[in-house]
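Below, each chain spelled out in residue letters.
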Amino acid sequence: MPATVVLGTQWGDEGKGKAVDYLADGMDLVVRYQGGNNAGHTIIAEGRLLKLQLIPSGVLYPHITSVIADGVVVDPQVLLDEMTQLSEAGIDPSGLRVSLNAHLIMPYHLELEKVTQRFLGKNALGTTKRGIGPAYADRAARVGIRVQDLYDEAILREKLDVVLWEKNQVLTKIYNRMAMPAERIVEDYLAYAERLRPYVADTGKLIDDALREGRHVMLEGAQGTMLDLDHGTYPFVTSSTPVTGYALASAGVGPHHVDRVVGITKAYVTRVGAGPFPTEDTGEAGEQLGERGHEFGTVTGRKRRCGWFDAAVLRYAARLNGLSELCLTKLDVLSGFPTLQVCTAYRVGGETWDDVPPNQTLFHRAEPVYEELPGWEEDIGEARALEDLPKEAQRYVELLEDLGGVPVTMIGVGPAREQTIVVAG
Ligand code: GDP
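A few points on the structure.

All right, on to the site of the ligand then. As a structural note, the neighbourhood of the ligand is formed by 18 residues, with Gly15, Lys16, Gly17, Arg304 and Asp332 the closest of them. In this structure, an oxygen atom belonging to the ligand sits 3.0 Å away from a main-chain N or O atom of Lys330. Note that an oxygen atom of the ligand is positioned 3.3 Å from one of the backbone N or O atoms of Gly412. Listed by contribution, the elements that provide at least two residues to the shell around the ligand are helix H1 (16–24) and strand S3 (41–45). Tallied by class, residues from the shell around the ligand come to three nonpolar, eight polar and seven charged.

Turning our eyes to something else, we now look at the packing of aromatic side chains. Scanning the model with the defined rule gives five aromatic pairs in all. A ring pair is formed by Tyr189 and Tyr192, whose centres lie 5.0 Å apart and whose planes are at 80 degrees; its orientation type is edge-to-face. Taken together, the residues Tyr189 and Tyr192, both in helix H6 (residues 182–196) and three residues apart, mark about one turn of the helix. In terms of burial, Tyr189 and Tyr192 fall into one category: buried. Between the aromatic rings of Tyr346 and Phe363, the centroid separation amounts to 5.7 Å while the plane-to-plane angle is 70 degrees, which identifies the pairing as edge-to-face.

Taken as a whole and judged by the stated rule, the model has 23 salt bridges. As a salt-bridge pair, Glu213 and Arg215 come within 3.9 Å of each other at their nearest N and O atoms. Relative accessible area serves as the criterion here: at 56%, Glu213 is assigned to the exposed category. Linking Arg305 and Glu280 is a salt bridge whose minimum nitrogen-to-oxygen distance equals 2.9 Å. Residue Arg305 is located in strand S13 (residues 305–307), and its partner Glu280 is located in the loop between strand S12 (269–271) and helix H9 (284–292); the two are separated by 25 residues in the primary sequence.

Cut-offs and rules
- Residues numbered from 1 in each chain as written.
- Predicted model: local features only at pLDDT ≥ 70, side-chain atom pairs only at ≥ 80, totals over all residues.
- Heavy atoms only, no water.
- Near = heavy atom within 4 Å.
- Polar contact = N/O pair within 3.5 Å; in protein donor to acceptor, adjacent residues only side chain to side chain.
- Helix = DSSP H or I, 4+ residues; strand = E, 2+ residues; numbered from the N terminus.
- Nonpolar A, V, L, I, M, F, W, Y, C, P; charged D, E, K, R; others polar.
- Phe/Tyr/Trp six-rings, centres within 6.5 Å; stacked < 30°, edge-to-face > 60°.
- Buried < 20%, exposed > 50% of the residue type's maximum accessible area, 1.4 Å probe, protein only.
- Salt bridge = Lys/Arg side-chain N within 4 Å of Asp/Glu carboxyl O.

Following this line, the structure appears as C-alpha coordinates:
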(Lines give C-alpha, C1' and ligand atoms only; values in the text may rest on other atoms or scores of the structure.)
Protein backbone atom coordinates (compact mmCIF):
# COMPACT_ATOMS: atom_id res chain seq x y z
CA MET A 1 0.00 0.00 0.00
CA PRO A 2 2.64 2.40 -1.02
CA ALA A 3 2.69 6.14 -0.77
CA THR A 4 5.28 8.08 -2.74
CA VAL A 5 6.46 11.52 -1.70
CA VAL A 6 7.75 13.77 -4.49
CA LEU A 7 9.43 17.04 -3.60
CA GLY A 8 12.03 19.59 -4.67
CA THR A 9 15.54 19.38 -3.24
CA GLN A 10 16.69 22.92 -4.02
CA TRP A 11 15.00 26.36 -3.89
CA GLY A 12 11.97 25.30 -5.94
CA ASP A 13 11.55 25.44 -9.73
CA GLU A 14 13.37 22.13 -10.13
CA GLY A 15 11.00 21.12 -12.92
CA LYS A 16 8.71 19.23 -10.53
CA GLY A 17 5.69 19.71 -12.77
CA LYS A 18 6.97 17.43 -15.49
CA ALA A 19 8.39 14.85 -13.08
CA VAL A 20 5.19 14.72 -11.05
CA ASP A 21 3.18 14.42 -14.23
CA TYR A 22 5.39 11.56 -15.38
CA LEU A 23 5.08 9.70 -12.07
CA ALA A 24 1.36 10.46 -11.73
CA ASP A 25 0.53 8.02 -14.50
CA GLY A 26 0.87 5.04 -12.15
CA MET A 27 -0.98 6.68 -9.25
CA ASP A 28 -4.59 6.61 -8.05
CA LEU A 29 -4.46 9.68 -5.84
CA VAL A 30 -2.25 12.75 -6.15
CA VAL A 31 -2.18 14.92 -3.04
CA ARG A 32 -0.88 18.46 -2.84
CA TYR A 33 0.29 18.94 0.76
CA GLN A 34 1.51 22.51 1.29
CA GLY A 35 1.75 26.01 -0.18
CA GLY A 36 -0.95 27.74 -2.15
CA ASN A 37 -1.28 29.30 -5.57
CA ASN A 38 2.42 30.20 -5.52
CA ALA A 39 3.71 26.99 -7.04
CA GLY A 40 3.22 27.36 -10.76
CA HIS A 41 3.70 23.90 -12.20
CA THR A 42 4.23 23.98 -15.92
CA ILE A 43 3.18 20.83 -17.72
CA ILE A 44 3.21 19.96 -21.37
CA ALA A 45 0.64 17.24 -21.93
CA GLU A 46 -0.49 16.12 -25.38
CA GLY A 47 1.23 19.16 -26.84
CA ARG A 48 -0.73 21.51 -24.58
CA LEU A 49 0.97 23.90 -22.16
CA LEU A 50 -0.85 24.07 -18.84
CA LYS A 51 0.02 26.28 -15.91
CA LEU A 52 -1.45 25.09 -12.66
CA GLN A 53 -0.76 26.94 -9.46
CA LEU A 54 -2.94 25.17 -6.96
CA ILE A 55 -4.59 22.07 -8.39
CA PRO A 56 -2.30 18.99 -8.39
CA SER A 57 -1.14 17.97 -11.86
CA GLY A 58 -2.78 14.56 -11.42
CA VAL A 59 -6.01 16.22 -12.50
CA LEU A 60 -4.88 15.68 -16.10
CA TYR A 61 -5.58 11.96 -15.71
CA PRO A 62 -9.20 10.80 -15.52
CA HIS A 63 -8.29 7.81 -13.31
CA ILE A 64 -6.70 10.02 -10.63
CA THR A 65 -8.37 11.66 -7.65
CA SER A 66 -6.57 14.95 -7.04
CA VAL A 67 -6.53 16.11 -3.46
CA ILE A 68 -5.79 19.45 -1.85
CA ALA A 69 -4.87 18.43 1.69
CA ASP A 70 -5.18 20.14 5.08
CA GLY A 71 -1.83 21.94 4.93
CA VAL A 72 -2.55 23.89 1.74
CA VAL A 73 -3.94 27.43 1.83
CA VAL A 74 -6.69 27.90 -0.72
CA ASP A 75 -7.75 31.04 -2.54
CA PRO A 76 -11.24 29.94 -3.61
CA GLN A 77 -11.41 32.36 -6.52
CA VAL A 78 -8.13 31.00 -7.91
CA LEU A 79 -9.27 27.42 -7.38
CA LEU A 80 -12.51 28.03 -9.28
CA ASP A 81 -10.65 29.87 -12.06
CA GLU A 82 -8.23 26.95 -12.48
CA MET A 83 -11.15 24.53 -12.64
CA THR A 84 -12.76 26.63 -15.34
CA GLN A 85 -9.47 26.77 -17.26
CA LEU A 86 -9.18 22.98 -17.12
CA SER A 87 -12.77 22.50 -18.29
CA GLU A 88 -12.12 24.85 -21.19
CA ALA A 89 -9.07 22.77 -22.14
CA GLY A 90 -11.29 19.67 -22.19
CA ILE A 91 -10.04 18.31 -18.85
CA ASP A 92 -12.71 17.25 -16.38
CA PRO A 93 -11.85 18.56 -12.89
CA SER A 94 -14.70 16.72 -11.17
CA GLY A 95 -12.30 14.24 -9.49
CA LEU A 96 -10.82 17.03 -7.39
CA ARG A 97 -11.24 16.93 -3.60
CA VAL A 98 -10.48 19.77 -1.19
CA SER A 99 -9.93 19.28 2.53
CA LEU A 100 -12.48 20.73 4.93
CA ASN A 101 -9.51 21.59 7.15
CA ALA A 102 -7.61 23.63 4.56
CA HIS A 103 -7.30 27.31 5.41
CA LEU A 104 -8.68 29.98 3.13
CA ILE A 105 -6.85 32.95 1.73
CA MET A 106 -9.04 35.97 2.46
CA PRO A 107 -9.07 39.38 0.73
CA TYR A 108 -7.37 41.03 3.71
CA HIS A 109 -4.46 38.58 3.42
CA LEU A 110 -3.75 39.84 -0.09
CA GLU A 111 -4.11 43.47 0.91
CA LEU A 112 -1.98 43.13 4.03
CA GLU A 113 0.80 41.32 2.21
CA LYS A 114 0.90 44.01 -0.43
CA VAL A 115 1.18 46.87 2.05
CA THR A 116 3.57 45.17 4.48
CA GLN A 117 5.99 44.06 1.77
CA ARG A 118 5.96 47.60 0.36
CA PHE A 119 6.68 48.98 3.82
CA LEU A 120 9.70 46.65 4.20
CA GLY A 121 11.34 48.27 1.15
CA LYS A 122 14.71 46.69 0.44
CA ASN A 123 14.15 44.18 3.26
CA ALA A 124 11.08 42.75 1.56
CA LEU A 125 11.22 38.98 1.14
CA GLY A 126 10.14 39.10 -2.48
CA THR A 127 7.00 37.07 -1.90
CA THR A 128 4.44 36.26 -4.57
CA LYS A 129 1.89 38.60 -2.88
CA ARG A 130 -0.89 36.07 -3.09
CA GLY A 131 -1.76 36.33 0.61
CA ILE A 132 -0.17 32.97 1.35
CA GLY A 133 2.18 34.08 4.16
CA PRO A 134 -0.54 36.06 5.98
CA ALA A 135 -2.98 33.13 5.66
CA TYR A 136 -0.43 30.77 7.26
CA ALA A 137 0.28 33.36 9.95
CA ASP A 138 -3.44 33.54 10.83
CA ARG A 139 -3.60 29.75 10.89
CA ALA A 140 -0.82 29.68 13.49
CA ALA A 141 -2.47 32.54 15.41
CA ARG A 142 -5.72 30.55 15.34
CA VAL A 143 -7.73 33.28 13.67
CA GLY A 144 -7.78 31.57 10.25
CA ILE A 145 -10.95 30.70 8.35
CA ARG A 146 -11.15 27.14 7.09
CA VAL A 147 -13.02 25.60 4.17
CA GLN A 148 -15.48 23.98 6.58
CA ASP A 149 -16.41 27.40 8.02
CA LEU A 150 -17.99 28.26 4.68
CA TYR A 151 -20.73 25.75 5.36
CA ASP A 152 -21.87 27.31 8.63
CA GLU A 153 -22.84 30.90 7.96
CA ALA A 154 -23.19 31.85 11.64
CA ILE A 155 -19.69 30.57 12.41
CA LEU A 156 -18.26 32.26 9.32
CA ARG A 157 -19.73 35.62 10.36
CA GLU A 158 -18.58 35.21 13.94
CA LYS A 159 -15.01 34.35 12.98
CA LEU A 160 -14.85 37.10 10.39
CA ASP A 161 -16.04 39.70 12.88
CA VAL A 162 -13.27 38.76 15.29
CA VAL A 163 -10.53 38.75 12.70
CA LEU A 164 -11.73 41.82 10.77
CA TRP A 165 -11.83 43.95 13.89
CA GLU A 166 -8.05 43.67 14.12
CA LYS A 167 -7.24 43.57 10.38
CA ASN A 168 -9.24 46.70 9.71
CA GLN A 169 -7.48 48.60 12.49
CA VAL A 170 -4.15 47.64 10.98
CA LEU A 171 -5.24 48.48 7.45
CA THR A 172 -6.74 51.85 8.28
CA LYS A 173 -4.56 53.11 11.14
CA ILE A 174 -1.13 51.81 10.19
CA TYR A 175 -1.26 51.53 6.43
CA ASN A 176 -3.84 54.18 5.65
CA ARG A 177 -5.96 51.81 3.57
CA MET A 178 -9.72 51.32 3.38
CA ALA A 179 -11.42 49.01 5.87
CA MET A 180 -12.89 45.80 4.46
CA PRO A 181 -16.59 45.33 5.19
CA ALA A 182 -17.54 41.87 6.47
CA GLU A 183 -20.76 41.79 4.49
CA ARG A 184 -19.06 41.85 1.11
CA ILE A 185 -16.63 39.09 2.11
CA VAL A 186 -19.42 36.89 3.49
CA GLU A 187 -21.40 37.32 0.28
CA ASP A 188 -18.44 36.41 -1.95
CA TYR A 189 -17.30 33.48 0.16
CA LEU A 190 -20.78 31.98 0.50
CA ALA A 191 -21.04 32.07 -3.27
CA TYR A 192 -17.67 30.26 -3.55
CA ALA A 193 -18.93 27.74 -1.00
CA GLU A 194 -21.86 26.79 -3.19
CA ARG A 195 -19.69 26.27 -6.22
CA LEU A 196 -17.12 24.26 -4.23
CA ARG A 197 -19.65 22.09 -2.40
CA PRO A 198 -19.28 19.00 -4.65
CA TYR A 199 -15.51 19.00 -4.14
CA VAL A 200 -15.01 19.43 -0.38
CA ALA A 201 -14.30 16.26 1.56
CA ASP A 202 -12.73 14.61 4.58
CA THR A 203 -9.53 14.11 2.63
CA GLY A 204 -7.62 12.47 5.52
CA LYS A 205 -10.14 9.63 5.52
CA LEU A 206 -10.17 9.51 1.73
CA ILE A 207 -6.37 9.11 1.60
CA ASP A 208 -6.29 6.54 4.39
CA ASP A 209 -9.06 4.50 2.77
CA ALA A 210 -7.17 4.54 -0.52
CA LEU A 211 -3.97 3.31 1.15
CA ARG A 212 -5.83 0.56 2.96
CA GLU A 213 -7.33 -0.57 -0.33
CA GLY A 214 -3.82 -0.86 -1.74
CA ARG A 215 -4.15 2.09 -4.08
CA HIS A 216 -1.14 4.21 -5.00
CA VAL A 217 -0.93 7.64 -3.46
CA MET A 218 1.49 10.37 -4.44
CA LEU A 219 2.12 13.23 -2.03
CA GLU A 220 3.29 16.19 -4.07
CA GLY A 221 5.27 19.05 -2.54
CA ALA A 222 5.56 22.61 -3.79
CA GLN A 223 8.56 24.99 -3.58
CA GLY A 224 11.64 23.13 -2.33
CA THR A 225 13.60 21.89 0.66
CA MET A 226 15.79 25.00 0.93
CA LEU A 227 12.62 27.10 1.18
CA ASP A 228 11.30 25.07 4.11
CA LEU A 229 10.08 27.26 6.96
CA ASP A 230 12.27 25.44 9.52
CA HIS A 231 15.07 23.87 7.52
CA GLY A 232 15.52 26.43 4.76
CA THR A 233 17.37 29.72 4.68
CA TYR A 234 15.02 31.52 7.09
CA PRO A 235 13.63 34.17 6.72
CA PHE A 236 14.13 33.86 2.95
CA VAL A 237 11.81 30.87 2.83
CA THR A 238 8.24 29.98 2.10
CA SER A 239 5.63 30.07 4.84
CA SER A 240 5.00 26.32 4.85
CA THR A 241 6.91 23.06 5.18
CA PRO A 242 7.86 21.24 1.96
CA VAL A 243 9.95 18.44 3.60
CA THR A 244 8.73 14.82 3.70
CA GLY A 245 7.61 14.88 7.32
CA TYR A 246 4.99 17.48 6.60
CA ALA A 247 3.58 15.51 3.67
CA LEU A 248 2.36 12.99 6.21
CA ALA A 249 1.11 15.55 8.72
CA SER A 250 -0.85 17.40 6.06
CA ALA A 251 -2.31 14.30 4.42
CA GLY A 252 -3.14 12.88 7.85
CA VAL A 253 -1.47 9.49 7.42
CA GLY A 254 1.29 7.65 9.29
CA PRO A 255 4.88 7.21 8.05
CA HIS A 256 4.71 3.43 7.54
CA HIS A 257 2.79 3.97 4.30
CA VAL A 258 5.66 5.78 2.56
CA ASP A 259 8.02 3.51 0.66
CA ARG A 260 9.46 5.95 -1.85
CA VAL A 261 10.71 9.53 -1.53
CA VAL A 262 11.67 11.05 -4.86
CA GLY A 263 13.82 14.18 -4.75
CA ILE A 264 13.54 16.39 -7.82
CA THR A 265 16.91 17.98 -8.45
CA LYS A 266 17.85 20.27 -11.31
CA ALA A 267 21.23 19.70 -13.01
CA TYR A 268 22.18 23.22 -11.89
CA VAL A 269 20.68 25.52 -9.27
CA THR A 270 18.32 28.51 -9.39
CA ARG A 271 16.79 30.70 -6.77
CA VAL A 272 14.11 33.39 -6.91
CA GLY A 273 14.31 36.39 -4.61
CA ALA A 274 16.73 37.21 -1.82
CA GLY A 275 18.77 34.95 0.49
CA PRO A 276 22.00 32.97 0.49
CA PHE A 277 22.92 30.98 -2.62
CA PRO A 278 26.59 29.93 -2.46
CA THR A 279 26.95 28.66 -6.04
CA GLU A 280 25.27 31.65 -7.67
CA ASP A 281 27.13 32.73 -10.79
CA THR A 282 26.57 36.38 -11.58
CA GLY A 283 28.83 36.15 -14.64
CA GLU A 284 28.48 34.65 -18.07
CA ALA A 285 27.85 31.06 -16.97
CA GLY A 286 24.90 32.09 -14.78
CA GLU A 287 23.52 34.19 -17.60
CA GLN A 288 23.80 31.27 -20.03
CA LEU A 289 22.15 28.82 -17.62
CA GLY A 290 19.26 31.26 -17.22
CA GLU A 291 18.84 31.74 -20.94
CA ARG A 292 19.17 28.10 -21.97
CA GLY A 293 16.99 26.90 -19.09
CA HIS A 294 14.37 29.67 -19.54
CA GLU A 295 14.73 30.52 -15.89
CA PHE A 296 11.91 32.97 -15.38
CA GLY A 297 9.25 32.47 -12.70
CA THR A 298 5.98 30.92 -13.89
CA VAL A 299 4.01 32.84 -11.27
CA THR A 300 5.93 36.10 -11.07
CA GLY A 301 7.83 36.22 -14.38
CA ARG A 302 10.90 37.22 -12.35
CA LYS A 303 14.35 36.33 -13.63
CA ARG A 304 15.85 33.58 -11.48
CA ARG A 305 19.34 33.72 -10.01
CA CYS A 306 21.39 30.86 -11.52
CA GLY A 307 24.48 28.88 -10.56
CA TRP A 308 26.28 25.55 -10.58
CA PHE A 309 25.11 22.33 -8.98
CA ASP A 310 25.49 22.27 -5.21
CA ALA A 311 26.08 18.76 -3.82
CA ALA A 312 26.14 19.98 -0.20
CA VAL A 313 22.55 21.16 -0.68
CA LEU A 314 21.68 17.79 -2.23
CA ARG A 315 23.15 15.90 0.74
CA TYR A 316 21.22 18.14 3.10
CA ALA A 317 17.97 17.49 1.20
CA ALA A 318 18.69 13.75 1.15
CA ARG A 319 19.13 13.77 4.92
CA LEU A 320 16.10 15.93 5.75
CA ASN A 321 13.71 14.11 3.46
CA GLY A 322 15.04 10.55 3.59
CA LEU A 323 15.31 10.55 -0.20
CA SER A 324 15.23 7.10 -1.75
CA GLU A 325 15.89 8.27 -5.30
CA LEU A 326 16.58 11.29 -7.45
CA CYS A 327 14.92 12.63 -10.53
CA LEU A 328 17.53 14.79 -12.25
CA THR A 329 15.93 17.44 -14.45
CA LYS A 330 17.14 19.72 -17.26
CA LEU A 331 20.40 17.91 -17.92
CA ASP A 332 20.04 19.06 -21.56
CA VAL A 333 20.54 22.68 -20.45
CA LEU A 334 24.19 21.86 -19.67
CA SER A 335 25.00 20.86 -23.28
CA GLY A 336 27.56 23.20 -24.82
CA PHE A 337 29.47 24.27 -21.71
CA PRO A 338 33.17 23.40 -22.24
CA THR A 339 33.54 22.66 -18.52
CA LEU A 340 31.10 22.22 -15.65
CA GLN A 341 31.54 23.01 -11.96
CA VAL A 342 30.04 21.00 -9.14
CA CYS A 343 30.19 22.33 -5.60
CA THR A 344 31.37 19.54 -3.28
CA ALA A 345 31.83 21.53 -0.04
CA TYR A 346 32.09 25.11 1.29
CA ARG A 347 34.92 27.21 2.65
CA VAL A 348 33.90 29.56 5.45
CA GLY A 349 36.52 31.64 7.25
CA GLY A 350 39.35 29.20 6.55
CA GLU A 351 37.29 26.14 7.49
CA THR A 352 35.83 23.51 5.16
CA TRP A 353 32.22 22.41 5.56
CA ASP A 354 30.94 19.30 3.80
CA ASP A 355 27.40 20.11 4.83
CA VAL A 356 25.12 23.11 4.82
CA PRO A 357 26.39 24.99 7.89
CA PRO A 358 23.91 25.01 10.78
CA ASN A 359 24.28 28.73 11.31
CA GLN A 360 22.82 31.05 8.71
CA THR A 361 25.60 33.64 9.13
CA LEU A 362 28.10 30.99 8.03
CA PHE A 363 25.91 29.98 5.11
CA HIS A 364 25.75 33.59 3.93
CA ARG A 365 29.55 33.65 3.84
CA ALA A 366 30.03 30.15 2.37
CA GLU A 367 32.33 30.00 -0.66
CA PRO A 368 31.86 26.95 -2.89
CA VAL A 369 34.66 24.42 -3.36
CA TYR A 370 34.29 23.24 -6.95
CA GLU A 371 35.21 20.07 -8.77
CA GLU A 372 35.59 20.78 -12.47
CA LEU A 373 34.35 18.30 -15.04
CA PRO A 374 34.59 18.27 -18.82
CA GLY A 375 31.34 19.28 -20.55
CA TRP A 376 29.77 17.91 -23.73
CA GLU A 377 28.73 19.56 -26.98
CA GLU A 378 25.99 17.19 -28.13
CA ASP A 379 22.29 17.96 -27.95
CA ILE A 380 20.93 15.19 -25.71
CA GLY A 381 17.20 15.82 -26.28
CA GLU A 382 16.84 12.52 -28.15
CA ALA A 383 18.53 10.34 -25.50
CA ARG A 384 16.17 7.75 -24.02
CA ALA A 385 18.68 5.56 -22.14
CA LEU A 386 21.73 6.31 -20.03
CA GLU A 387 23.95 4.78 -22.74
CA ASP A 388 22.64 7.33 -25.26
CA LEU A 389 24.24 10.15 -23.27
CA PRO A 390 27.79 11.34 -24.04
CA LYS A 391 30.22 9.82 -21.59
CA GLU A 392 30.87 13.23 -20.01
CA ALA A 393 27.13 13.54 -19.23
CA GLN A 394 27.10 10.02 -17.78
CA ARG A 395 30.10 10.96 -15.63
CA TYR A 396 28.25 14.09 -14.43
CA VAL A 397 25.23 12.03 -13.36
CA GLU A 398 27.48 9.51 -11.58
CA LEU A 399 29.26 12.27 -9.70
CA LEU A 400 25.97 13.73 -8.43
CA GLU A 401 24.85 10.26 -7.31
CA ASP A 402 28.16 9.70 -5.50
CA LEU A 403 28.17 13.09 -3.83
CA GLY A 404 24.49 12.94 -2.86
CA GLY A 405 24.49 9.29 -1.85
CA VAL A 406 21.18 8.72 -3.64
CA PRO A 407 20.62 6.88 -6.95
CA VAL A 408 19.30 8.77 -9.98
CA THR A 409 16.28 6.91 -11.40
CA MET A 410 15.00 9.48 -13.89
CA ILE A 411 16.73 12.08 -16.04
CA GLY A 412 15.05 14.93 -17.88
CA VAL A 413 16.60 15.75 -21.28
CA GLY A 414 13.98 18.21 -22.50
CA PRO A 415 10.63 19.75 -21.59
CA ALA A 416 8.44 17.17 -23.34
CA ARG A 417 7.07 14.21 -21.42
CA GLU A 418 8.87 11.67 -23.60
CA GLN A 419 12.20 13.47 -23.13
CA THR A 420 12.84 11.40 -20.03
CA ILE A 421 15.40 8.69 -19.35
CA VAL A 422 14.23 6.06 -16.89
CA VAL A 423 17.36 4.51 -15.43
CA ALA A 424 17.11 0.75 -15.14
CA GLY A 425 17.58 -0.21 -11.49
P1 GDP B 1 8.42 23.46 -11.41
O2 GDP B 1 7.51 24.46 -10.77
O3 GDP B 1 9.25 22.75 -10.38
O4 GDP B 1 7.73 22.55 -12.37
O5 GDP B 1 9.52 24.24 -12.22
P6 GDP B 1 9.46 25.41 -13.30
O7 GDP B 1 8.37 26.36 -13.02
O8 GDP B 1 10.83 25.95 -13.37
O9 GDP B 1 9.11 24.66 -14.63
C10 GDP B 1 10.04 23.91 -15.21
C11 GDP B 1 10.21 24.31 -16.66
O12 GDP B 1 11.22 23.52 -17.17
C13 GDP B 1 8.99 24.05 -17.51
O14 GDP B 1 8.93 24.98 -18.55
C15 GDP B 1 9.24 22.64 -18.05
O16 GDP B 1 8.62 22.41 -19.28
C17 GDP B 1 10.73 22.66 -18.20
N18 GDP B 1 11.38 21.37 -17.99
C19 GDP B 1 11.07 20.39 -17.10
N20 GDP B 1 11.94 19.37 -17.23
C21 GDP B 1 12.83 19.72 -18.18
C22 GDP B 1 13.98 19.10 -18.76
O23 GDP B 1 14.39 18.01 -18.39
N24 GDP B 1 14.64 19.83 -19.72
C25 GDP B 1 14.24 21.07 -20.14
N26 GDP B 1 14.96 21.70 -21.06
N27 GDP B 1 13.16 21.64 -19.63
C28 GDP B 1 12.47 21.01 -18.67
